[in-house]
There are 2 protein chains.
Amino acid sequence: MAPCPPHQDTRSRLIESAILHFAAKGYDGTGIREIAKGANANSALVTYHFCGKEGLFLEALKAVFSRKTSPLAGLQPPLPAGAPGARQAALEGLRAYLRAFITELMFCDARDPVDEAAMVLMAREMQSPSEASAPVLMAHVEPYVTYLMACLFLLRPDLDEEALFLMGTSIQGQVLHFRNSLGIIRLLRGNPAFPEDLEKLIQHFIDFSLRGLGVPEAFPQPRN
Amino acid sequence: MAPCPPHQDTRSRLIESAILHFAAKGYDGTGIREIAKGANANSALVTYHFCGKEGLFLEALKAVFSRKTSPLAGLQPPLPAGAPGARQAALEGLRAYLRAFITELMFCDARDPVDEAAMVLMAREMQSPSEASAPVLMAHVEPYVTYLMACLFLLRPDLDEEALFLMGTSIQGQVLHFRNSLGIIRLLRGNPAFPEDLEKLIQHFIDFSLRGLGVPEAFPQPRN
DNA sequence: GACTGTTTCAAACGATCGATTAACACTTGA
DNA sequence: TCAAGTGTTAATCGATCGTTTGAAACAGTC
């Protein structure tokens, strides 16, 4: 049982190659020799540095999740319920939240294949998390849920908790489904680079969500 | 090159076991001996009946998609664009579509673990379709997309094709995400039988979708 | 009962899997 | 200078992979 100490050069090269290969062919579909070859390293180093294939996979996952700083960091926390301007702040907060959420999910440097692969890997883990990766995943997702629900409560104080939860599920769901089903969506559109205009995509999700939530400001033309 | 003729008994037993195992551990994570054992059959029969593991996987996928009669069967096709009452018909069509879609998705799991596994398998393929499975997947999804898009076009003729496609993606996405993430959602709510009131759920998805789409009838209270 | 074709089986095949080993190069501190 | 420790390597391990094989079991036909 080696303590898996670091030698950053080959370690990080192995992790990078692992992200690429695990994203392309999945955990079981990828062999450690393949990964090692992609890193110009010997396959025995996987066991030496990471205590085995699964250890390397977890390190790759951690690297993926810590690749970007959380986009929630720049967001104002919602004002308390009674405060003046709380509703307007929550409205802007929800808009900013969706923008940050979508940007993090969708935006990746097309010129950086590792970034692209990291997104694929993350999407796969979010859909069917392995037992080992669940904690890492939940810790990453939890602040999003909390922030979203706080905004929803301020925007629709007339709804009960279950109704608000369904609202949140629908808002998150449309975005996550889009991300998780990009494969077939691109097939349906016959465009392998489909979401070409990220801003248009963000605007759609914001408008659809605010209308679905029942926020009057977002509705196009109030019936006379 | 065997012509792969049928002997329905073992064939279907193998397919059923394949659905369960492929859903649980993925294509690469599942061995044919494992599948064969689950079907009380010999692993050589996989090659004999399906020309190999990949053939069995494709047959399993086909079986998944043809497992139920399409919920679209009972729906009226939307009227042509110019026809009188076409918009109202499309509105009702969309409501009926969502009701049928949700009902089918929500009722499939508890009774039959194979049905549950089929959903997992389908979701995985939708996320990252293998080259071989893409045609099967597309053929199954296409009528849903067509019907939904026809309704959306009648309800929002002012939008261009891409905007309508995003609307459809959001509408389908919230429902599919809810279904595919039921496990996590039930954990979040601390209620293992969460969607206890199916009618309430259906009503939420219909209302959220129609508002998100921008249909005035669904909006609660126009601002004065 | 012999012939034909289909279905099933146990056994084995070569390939590849993740993991281990022993040797080697190199640095470091005593 | 030497012993210890670290990083890397090729070679090899047993296990398991998907597939192939040859024969047994079964059905139907003459």
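Residues numbered from 1 in each chain as written. Chains lettered and ligands numbered in written order. Predicted model: local features only at pLDDT ≥ 70, side-chain atom pairs only at ≥ 80, totals over all residues. Heavy atoms only, no water.

Undergrad: In this structure, what is going on with the overall build of chain A? I would like to understand it.
TA: Counting its regular elements, chain A contains 10 helices and 0 strands. In chain A, the order of α-helices and β-strands from amino to carboxyl end is α-α-α-α-α-α-α-α-α-α. Looking at the 224 residues of chain A, the share that counts as buried comes to 46%. The contacts of chain A with a sequence gap of at least 6 include a subset with a gap of at least 24, amounting to 70%. A total of about 10,700 Å² of accessible surface is found on chain A, and carbon and sulfur atoms cover 57% of it. (Helix = DSSP H or I, 4+ residues; strand = E, 2+ residues; numbered from the N terminus. Buried < 20%, exposed > 50% of the residue type's maximum accessible area, 1.4 Å probe, protein only. Contact = heavy atoms within 4.5 Å. Areas by Shrake-Rupley, 256 points an atom, 1.4 Å probe, with all protein chains shown as cover.)

Undergrad: Teacher, can you tell me more about the environment of glutamate 196 of chain B here?
TA: Residue and element names in this part refer to chain B. Turning to its location among the elements, glutamate 196 is positioned in the loop between helix 9 (182-189) and helix 10 (198-213). By relative accessible area, glutamate 196 is classed as exposed at 64%. Looking at glutamate 196, its side chain comes within polar contact range of the side chain of asparagine 191, at 3.3 Å. (Polar contact = N/O pair within 3.5 Å; in protein donor to acceptor, adjacent residues only side chain to side chain.)

Undergrad: Whenever I open this one, the packing of aromatic side chains confuses me. Can you help?
TA: Aromatic ring pairs are defined here through the distance separating the ring centres and the angle between the ring planes. One pass over the full model with this rule turns up 21 aromatic pairs over all chains. On the basis of an interplanar angle of 50° and a centroid distance of 6.0 Å, the ring pair of phenylalanine 178 of chain B and phenylalanine 194 of chain B is categorised as tilted. Here phenylalanine 194 of chain B lies in the loop between helix 9 and helix 10 and phenylalanine 178 of chain B lies in helix 8 (residues 161-180), a separation of 16 residues in the sequence. Across the pair, phenylalanine 194 of chain B and phenylalanine 178 of chain B agree in class, each one buried. A cation sits over an aromatic face here: lysine 53 of chain A above tyrosine 27 of chain A, 4.3 Å from the ring centre. Lying over the aromatic face of phenylalanine 165 of chain A, arginine 189 of chain B brings its terminal NZ or CZ to 4.6 Å of the ring centre. (Phe/Tyr/Trp six-rings, centres within 6.5 Å; stacked < 30°, edge-to-face > 60°. Lys NZ or Arg CZ within 6 Å of the ring centre and 35° of its normal.)

Undergrad: Can you help me understand helix 10 (residues 198-213) of chain A in this one?
TA: Owing to its 3.6 residues per turn, the α-helix brings residues three or four apart onto one side. The end-to-end C-alpha distance of helix 10 of chain A, which contains 16 residues, comes to 22 Å, matching closely the 22 Å that a straight helix rising 1.5 Å per residue would cover. All buried positions along helix 10 of chain A are accounted for by Leu201, Ile202, His204, Phe205, Ile206, Phe208, Ser209, Leu210, Arg211, Gly212 and Leu213 of chain A. Buried residues belonging to helix 10 of chain A abut helix 5 (86-106), helix 7 (134-155) and helix 8 (161-180) of chain A together with helix 8 and helix 10 of chain B. The N-cap residue of helix 10 of chain A is aspartate 197 of chain A: its side-chain oxygen and the backbone nitrogen of glutamate 199 of chain A are 3.1 Å apart. (Expected span 1.5 Å × (residues − 1).)

Undergrad: Hey, could you run me through the relation of the copies chain A and chain B in this one?
TA: What relates the two chain copies is a rotation about an axis together with a slide along it. By a simple turn and slide, chain A fits onto chain B: the slide is 0.6 Å along the axis, the RMSD is 1.6 Å, and the turn is 176°. When the rotation and shift are considered jointly, the pair of chain copies conforms to a two-fold rotation axis. Here 87% of the interface residues in chain A have copies in chain B that are interface residues too; the copies meet face to matching face. (Least-squares fit on C-alpha atoms with pLDDT ≥ 70 in both.)

Undergrad: Can you help me understand the interface of chain A and chain B in this one?
TA: Accessible area lost during the coming together of the parts is what is often quoted as the interface size. Facing 46 residues of chain A, the contacting portion of chain B comprises 47 residues. Interface of chain A and chain B: buried area, both sides summed, is about 4,400 Å²; carbon and sulfur atoms make up 68% of it. The tally of links between chain A and chain B comes to 3 salt bridges. Residues glutamate 162 of chain B and lysine 200 of chain A are paired through a salt bridge, measuring 3.9 Å at the closest nitrogen-oxygen approach. For the pair chain A and chain B, the number of links is 12 residue pairs in polar contact (both at pLDDT 80 or more). For the side of chain A that touches chain B, the elements supplying multiple residues, two or more each, are helix 1 (8-29), helix 6 (113-127), helix 8, helix 9 (182-189) and helix 10 of chain A. For the side of chain A that touches chain B, the element with the highest residue contribution is helix 8 of chain A, accounting for 14 residues. For the side of chain A that touches chain B, the class distribution of residues is 21 nonpolar, 15 polar and 10 charged. (Buried area = accessible area lost by both parts, 1.4 Å probe. Salt bridge = Lys/Arg side-chain N within 4 Å of Asp/Glu carboxyl O. Nonpolar A, V, L, I, M, F, W, Y, C, P; charged D, E, K, R; others polar.)

Undergrad: Looking at this model, I keep getting lost on helix 7 (residues 134-155) of chain B. Mind explaining?
TA: Residues and elements named next belong to chain B. Here helix 7 contains 22 residues, and its C-alpha end-to-end distance of 30 Å stays within 8% of the 32 Å for a straight helix at 1.5 Å per residue. The principal kink in helix 7, of about 35°, is found at valine 141, preceding the proline proline 143 by one to four residues. Buried within helix 7 are the following residues: Ala134, Val136, Leu137, Val141, Tyr144, Tyr147, Leu148, Met149, Cys151, Leu152, Leu154 and Leu155. (Bend = angle between axes of the 7 residues up to and from the residue.)

Undergrad: Would you take a moment to explain the pattern of salt bridges for this structure?
TA: One side chain can pair with another of opposite charge once the charged atoms of both are near each other. Scanning the entire structure with this criterion turns up 17 salt bridges over all chains. For arginine 99 of chain A, the salt bridge is made with glutamate 199 of chain A, and the minimal N-O distance between the two is 3.0 Å. Placement of the pair is arginine 99 of chain A in helix 5 and glutamate 199 of chain A in helix 10, with a sequence separation of 100 residues. Here the residues in one salt-bridge network are Arg11, Glu59 and Lys62 of chain B, joined through shared partners.

Undergrad: Is there a simple way to explain the packing of helix 8 of chain A against helix 8 of chain B in this structure?
TA: Helix-helix packing is characterised by the crossing angle of the two axes and by the distance between the axes. With their axes 7 Å apart at the nearest point, helix 8 of chain A and helix 8 of chain B run at an angle of 115° to one another. The pairing of helix 8 of chain A with helix 8 of chain B is recorded here as roughly perpendicular in orientation. The two elements helix 8 of chain A and helix 8 of chain B cross, and the hand of that crossing is right-handed. From helix 8 of chain A, Leu166, Thr169, Ser170, Gly173, Gln174, Leu176, His177 and Phe178 of chain A reach across to helix 8 of chain B, where they touch Leu166, Thr169, Ser170, Gly173, Gln174, Leu176, His177 and Phe178 of chain B. (Axes fitted to C-alpha atoms, helices over the stretch in contact; angles between N-to-C directions. Parallel < 35°, antiparallel > 145°, perpendicular 65-115°, else oblique. Left-handed = near helix turned anticlockwise from the far one by under 90°.)

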